[in-house]
Amino acid sequence: MSALYRQFELLPAARRGVCRPLSGVVGVVLLLALSAAAPAWSAAPVEVPLWPSTPPGTEGLALDQRVVERSADPALPDRYADAISVPSLTVYRPTRPDGRALLVIPGGGYQRVVLDKEGSALVPAFAEDAGLTLFVLRYRLPGEGHREARDVPLADAQRAMRLIRRHAGDWGIDADSLGVMGFSAGGHVAASLATRHAERLHAPVDAADALEARPAYAVLVYPVIDMGALAHPGSRQKLLGDAPEARSVAAYSLQHRVDAKTPPVFLLHAQDDAVVPVENTLLFEAALRRAGIEHETHLYAHGGHGFGVREARGTLALWPQLAIAWIRAHAPLPAAPLQE
């Protein structure tokens, strides 16, 4: 564990969200002690970098990461991040972990990463109530100057899966139970991970990169799937540019990437979504059906876009319970919960 977290501080990420170096052995001892204590999530979520040094494709790029708070209510934070050159995971550990873990990929139209609305807001239902350990991904954005820019979000998602698995014992989780949940453009990243997990996007940087990046399952909430006629225009422009060639549109339209190695998928969308049309989910569902991939699809008449957990109303507000029950059915665990 020390090799991963050396010189990084355990921070109250609900307020801060930026890695800050600690000095040498002191930082390692403090982090190990606090992590071993498995504190309640609200006291001390942990933020750790994905890469041991500059991420592949970001060398020589000077970005000044920005975290913007859009909420005036301290009880309901609504931060987003952009200009990300040091992608990271914020780890929310439940008081009573059950051994399962979930990589959470927030949306933001490939223009920003929404940290709370589709990240920390999941903690009460998915971590504290259900016992899942959550790893919220702050990923690099394709329009900010990285090389191979179209694939840097997926490269970060692959790296996150491998890094979590490499240190699963340190977190007290079962590596085989690790799934992914993505929202909106983050749903495009998550669906890319589910369908393109085996692609090699960079040379290995350490032992973690030898591990499997395939998630055990994927939960896609109002996901961006299509890059053609049904695309979310902003996500397509940020990912592919102003006038993408037809082969790129096809390659990044993920209904075309489903195959026999795609994991089980849970899909959720509101039919009145005016930002990402529900047809994105329907296209992916049809592809899963053709490929014989186990899946479950939930469509709601009302809900719009970006409801997350906080803004879900009526029967839509029950979606976390549905997703948790589905995750438990599709995430294998050892005979007994892992103990630390």
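See the structure printed just above.
Numbering of residues starts from 1 in each chain and follows the order in which that chain's sequence is written. Where totals are concerned, whole chains, interfaces and linings use all residues; where local detail is concerned, this predicted model gives features only for residues with pLDDT of at least 70, and gives and counts side-chain atom pairs only at 80 or more. Only heavy atoms go into the side-chain values, all of them from the structure, while hydrogens and water stay out.

### Here's the deal with helix 7 (residues 233-240)
- Exposure is judged per residue with a 1.4 Å probe applied to protein chains only, and the accessible area is read against the type maximum: over 50% gives exposed, under 20% gives buried, and values in between give partly exposed. We count a stretch as a helix when DSSP gives it H or I for four or more residues in a row; a strand needs E for two or more, and each element gets its number in order from the N terminus. Looking at helix 7, one finds that the buried residues are Ser235, Leu239 and Leu240. For helix 7, the angular spread of buried residues about the axis comes to 95°, placing them on one side.
- Contact definition: two residues touch when any of their heavy atoms are within 4.5 Å. Those residues of helix 7 hidden inside the fold are in contact with helix 6 (185-196) and helix 8 (246-251).
- Within two residues after helix 7, Gly241 carries a phi angle of roughly 95°, on the positive side. What the arc describes is the spread of directions from the helix axis to the C-beta atoms.

### Quick word on the sheet that holds strand 7 (residues 133-138)
- Strands sit in the order 1-4-7-5-8-9-10-11 across an open sheet of eight strands; the sheet is mixed. Of all strands in the sheet, those bounded by a partner on one side alone are strand 1 (46-49) and strand 11 (295-300). Neighbour to neighbour, the strand axes of the sheet diverge by 20° on average, direction disregarded.
- As paired strands, strand 4 (residues 88-92) and strand 7 are joined by five bridges and run antiparallel to one another. Criterion used throughout: strands pair if DSSP finds at least two bridges between them. The axes are straight lines fitted to the C-alpha atoms, using for helices just the contacting stretch, and the angles between their N-to-C directions are given from 0 to 180°.

### Things to note about the pattern of salt bridges
- The term salt bridge refers to a side-chain nitrogen of Lys or Arg lying within 4 Å of a carboxyl oxygen of Asp or Glu. This model, assessed by the stated rule, comprises 15 salt bridges.
- Between Arg257 and Glu199 there is a salt bridge, with its nearest N and O atoms 2.7 Å apart. You can see Arg257 sitting in the loop between helix 8 and strand 10 (265-270) and its partner Glu199 sitting in the loop between helix 6 and strand 9 (218-221), a full 58 residues away along the chain.
- Here Arg257 falls in the partly exposed class, since its relative accessible area comes to 24%.
- Residues participating in the shared-partner salt-bridge network are Asp151, Arg196, Glu199 and Arg257.

### Observations concerning unusual backbone geometry
- Residues other than glycine seldom take positive phi values, yet Ala83 does so here, at roughly 55°.
- With respect to the secondary-structure elements, Ala83 resides in the loop between strand 3 (79-82) and strand 4.
- Looking at Ala83, the relative accessible area reads 13%, which means it is buried.
- The backbone of Tyr222 shows a phi angle near 35°, a positive value even though the residue is not glycine.
- With respect to the element layout, Tyr222 can be found in the loop between strand 9 and helix 7.
- A relative accessible area of 0% means that Tyr222 is categorised as buried.

### Some thoughts on the pairing of strand 4
- Of all five residues in strand 4, five are buried, a share of seventy percent or more.
- Pairing between strand 1 and strand 4: four bridges, direction antiparallel. Note that in strand 4 the partner of Val46 across the bridge is Val91.

### Topic: empty space enclosed by the protein
- Think of a 1 Å grid over just the protein atoms. A cavity is a set of points where a 1.4 Å probe fits yet cannot get out, a pocket is an open set with protein on both sides within 12 Å along at least five of seven lines, and lining residues have an atom within 4 Å of a point. Grid points are joined across faces, edges and corners, and a volume is the space filled by probe spheres set on the points. If you walk through the whole model with that rule in mind, you get four cavities of 30 Å³ or more.
- The computed volume of the second largest cavity comes to approximately 50 Å³.
- Tyr110, Arg150, Asp151, Pro153, Leu154, His188, Val189, Ser192, Arg196, Leu239 and Tyr252 are the residues that line the second largest cavity.
- When residues of the lining of the second largest cavity are traced back to their parent elements, those giving at least two are helix 4 (152-166) and helix 6.
- In terms of residues, the lining of the second largest cavity owes the most to one element, helix 6, which gives four residues.
- Partitioned by chemical class, the residues of the lining of the second largest cavity number six nonpolar, two polar and three charged. Polarity classes work like this: nonpolar for Ala, Val, Leu, Ile, Met, Phe, Trp, Tyr, Cys and Pro, charged for Asp, Glu, Lys and Arg, and polar for all others, with Gly in that last group.

### Section: the nonpolar core
- The set of buried Ala, Val, Leu, Ile, Met, Phe, Trp, Tyr and Cys residues whose side-chain atoms join them within 4.5 Å is what this entry labels a nonpolar core. Counting 54 residues, the largest nonpolar core has Leu89, Leu103, Ile105, Phe135, Leu137 and Phe284 as the members making the most contacts within it.
- Counting residues in hydrophobic clusters, the runner-up holds 31 residues, among them Tyr92, Ala216, Tyr300 and Phe307.

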